[in-house]
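Listed here are the chains, written in short residue letters.
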Amino acid sequence: MGSIDQGLEKHTCYQQDLDAIQSISAGLSVKKDAEEAARCREKGNSCFKTRDYKAAALHYSQGICFAPQSSEQLSLCYANRSAALYHLQQYQECLYDIDRALNTGYPTHLSHKLQDRRSLCLNHLPVSAKTKNDQLHHVSNDDQCSKSLTISSSEAFRFGICPQVSVGCSKEKGCHLVALQRITAGDVILSDRPFSWVLIPGVEKVKGKSGHGPDIQREIVFGAEHKRCHWCLAETLCAVPCKGCSFSRYCSASCQREAWEEHHHWECPLGSELAAMGVMAQLALRVTLKAGIENIHRARQTIRDEQKKSDQYNPYMTVFHLLQHTEHQSISLRHLCAFTVATLYLKLSKAGPLPTSWKLSDASSITSQSSDGPKKKGGDSEWSSELWVVGSAVLRHMLQLRCNAQAVVTLQDTVSENSRVRSVEEIRVATAMFPTLSLLNHSCRPNTSLVFSTGTADDPGGSQESVGFNRRLPGEGRQDRGVTVTVRAARDITAGEEILHCYGPNSNRMGTEERRRLLQEQYYFLCECEACSGQEEEMRESSRNESGLLCTKCKGALKKNKGSGFSCSLLPCGHQISSSDVNHKLQEFRVALEKAVALMEKENPVEALHLLKKISSQSGLLLRDTHPLQGELADATARAYASLGDWKNAATHLEQSAAAISSQYGKDSLELGQQLFKLVQVHFNGGARGPALSVIPKVRRMLSLHCGPHCPELQELNALEECLQRSTF
């Protein structure tokens, strides 16, 4: 890295790589474009005509992001979005967009439409809100974040590690967490904010329909980048655009400002080239930009004993010293990381001067602390030296991310908003670096459960932060970070027991050999956890039918052969079937299931149910009832029956699906709790008071265990229970 700015551009091989980056980024343009804004507005108009107001609002938001500040399209998109928000009954947001449209040059001869819409909105708002809007109607929601985190005041701490846990350190385990005293299942062990995070584009889908007439419909798909704030990750239909690019958007101007100050004023000029480099490069850059040069130099120094006490509470110190496992990573991967960082180095060197906060108090210390850095003469020597520090830190963090990045997951509805039964799936919306969470070691059978929250909330100032692992860096605001993770005890934990969470491979869903292989490939260690090394696991695996398959001749359990294929476990039979035949059948079932779900999306549950019955009759010949695919089929069948108002059959199939989920994830899993929550809704809708009340305590226990006693699902569950107890049906 020391001579990269002197020789990189001259090297033919590197120049070819740079040209490749330019070629890829050409298709990822994030420039403002009035014509593209107009096209987005037309798409929104088409959705508006079919009364798909949510899709219309998202299209208008896309147009707002593309529209240049001086373009008439900006005011037109704001005005059109206000109409969609009005029909979605988001009256306050509608008023904000009306003000934005008028303030950005909306045509005078059309302004009466906006004034009429303003009057309609005010009629729907309380008197206090009307007064506020009459006085301050020119003020938008620019300083209001669209979602707030709610953390109970009864919690012992807000962020950090609970008092019942301490940090241990050993050669074998590194830094890790240990229980000082007994921790009860469901208790919060730690709450953590990521040091930095990056939204993952294109993983979250919001479906809409467009066309004219029932026979001309097409699916419109929006990604997470279209509907989530790029700072706090809160969902929003009212995106506030970045003024410099068409990609980044926020739920409020306060989120926009925080993102700009921390990283986006550097990222924005990089635009499509940064997108072409990928999420990991962007996250490594954000970690470095947030840390600042003083923290990077402090972390690079050998920490003396007298420094440890003051530095151990700095979150960047924890992040900086995470293992890179460079010796285990392939040469090609290391080359790719180095090339990516070298490209960033060149781009940043042309982006303008470093911010004042990046200037060292003693510029001469750069050479002494970073003797391997560039020795460039001239007026830009300070820039070159500081930028070299940036590049070296970004490379370090990029190598760390393979083993230390944490997926931020959230629940997404998989059915339409007017569905009487809620169905959700877990999706990944961001990748983050968590300072405190990174202290937890892996177990294939963890004793903790993780739940993520998005949005921002003002720090009341009186909240207590335990063991200062999340102490803010100098210059950070007093607003909580946009993302948080809460770690709870999944079972009772005894004093002296290590706090562990699962890095992915779980003993409920994978065999020991597969788990160990995956962990070795990504994290470079041979797992010796209780599940992998204990006799109990050997007994579990010997008695468990890992395949979940049935012999098509005698209905005995099929076991996987050591080589390939499957054979019947019953000796008198011994029937064998090849892996390719099994995979072909499973693929047939999967394709048919997806077709049935598509039919339900098109509001054709009768045809979907007919297809599902046909699939189930065939799958039952090969799959056990507890096979995951059987669980999915039962869930889809329950959804079809619910769409037809046949609540009794819907409940029967949900119970079958719950049995499969229990086998796959465990009897105390969050996944089972969510499925049983759907069962409560089905019983409620069907008037089955007794069955509903009997399931509610199980659901309450599971949701409290994993999500805490104040999660939204429990509030809804309590409302259902109260209604059932009052009713006689």
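Residues numbered from 1 in each chain as written. Predicted model: local features only at pLDDT ≥ 70, side-chain atom pairs only at ≥ 80, totals over all residues. Heavy atoms only, no water.

Chemist: Any chance you could explain the sheet that holds strand β18 (residues 576–577) here in plain terms?
Modeler: Through backbone hydrogen bonds, the strands of a sheet pair up, either in parallel or in antiparallel fashion. Spatial strand order, β16-β17-β18: three strands in an open sheet with antiparallel pairing. Two strands close off the open sheet at either side, each with one partner strand: β16 (558–560) and β18. Sheet topology places β16 next to strand β17 (residues 566–568); three bridges connect them, and they run antiparallel. Each residue of the ladder has a partner; that of K559, found in β17, is S567. (Pairing = 2+ DSSP bridges. Helix = DSSP H or I, 4+ residues; strand = E, 2+ residues; numbered from the N terminus.)

Chemist: It is not clear to me how the sheet that holds strand β13 (residues 448–454) should be interpreted in this structure. Could you clarify?
Modeler: The four strands are arranged β1-β4-β14-β13 in an open sheet whose pairing can be described as antiparallel. Lying at the two open borders of the sheet, with one neighbouring strand each, are β1 (160–161) and β13. Relative to strand β14 (residues 483–489), β13 runs antiparallel, the two sharing seven bridges. Residue pairing in the sheet places F452 in a bridge with V485 of β14. Sitting on the sheet, helix α26 (residues 689–707) is in contact with β13 and β14, with an inclination near 120° to β14. (Contact = heavy atoms within 4.5 Å. Axes fitted to C-alpha atoms, helices over the stretch in contact; angles between N-to-C directions.)

Chemist: What am I meant to see in the pattern of salt bridges here?
Modeler: Side chains that carry opposite charge are capable of pairing whenever their charged atoms lie near each other. Enumeration according to the criterion identifies 20 salt bridges in this entry. Of the charged contacts in the structure, one is a salt bridge between R182 and D492, with a shortest N-O distance of 2.6 Å. Of the two residues, R182 is situated in the loop between β3 (174–179) and β4 (188–192) and D492 in the loop between β14 and β15 (500–501); the sequence distance between them amounts to 310 residues. Relative accessible area serves as the criterion here: at 51%, R182 is assigned to the exposed category. For D492, a relative accessible area of 35% gives the class partly exposed. (Salt bridge = Lys/Arg side-chain N within 4 Å of Asp/Glu carboxyl O. Buried < 20%, exposed > 50% of the residue type's maximum accessible area, 1.4 Å probe, protein only.)

Chemist: Help me out: how do you make sense of helix α12 (residues 279–300) in this one?
Modeler: Count 3.6 residues to each turn of an α-helix, and residues three or four apart come out pointing the same way. With 22 residues, α12 should reach 32 Å at 1.5 Å per residue; the first-to-last C-alpha distance of 25 Å falls well below that figure. At G292, α12 shows its strongest bend, of approximately 100°. In terms of residue burial, α12 counts as a mostly covered element, since 17 of its 22 residues are buried. (Expected span 1.5 Å × (residues − 1). Bend = angle between axes of the 7 residues up to and from the residue.)

Chemist: Hey, could you run me through the packing of aromatic side chains in this one?
Modeler: Two numbers describe a pair of aromatic rings. These are the distance of the centres and the angle of the planes. Applying the stated criterion across every chain, the model contains eight aromatic pairs. Ring centres of F48 and Y53 lie 5.1 Å apart, and the angle between their planes is 70°; on these two criteria the pair is classed as edge-to-face. Consider the rings of F434 and F452, whose centres lie 6.0 Å apart with planes at 50°: the pair is tilted. Taken together, the residues span a long stretch of sequence, with F434 in the loop between β11 (424–433) and β12 (441–442) and F452 in strand β13 at a distance of 18 residues. A residue is classified by how much of its surface remains accessible, and F452, at 13% relative accessible area, is buried. An aromatic cluster is defined as three or more aromatic residues linked by ring pairs; in this entry it consists of F195, Y316 and F320. (Phe/Tyr/Trp six-rings, centres within 6.5 Å; stacked < 30°, edge-to-face > 60°.)

Remember, this is a structural readout, not a statement about activity or role.
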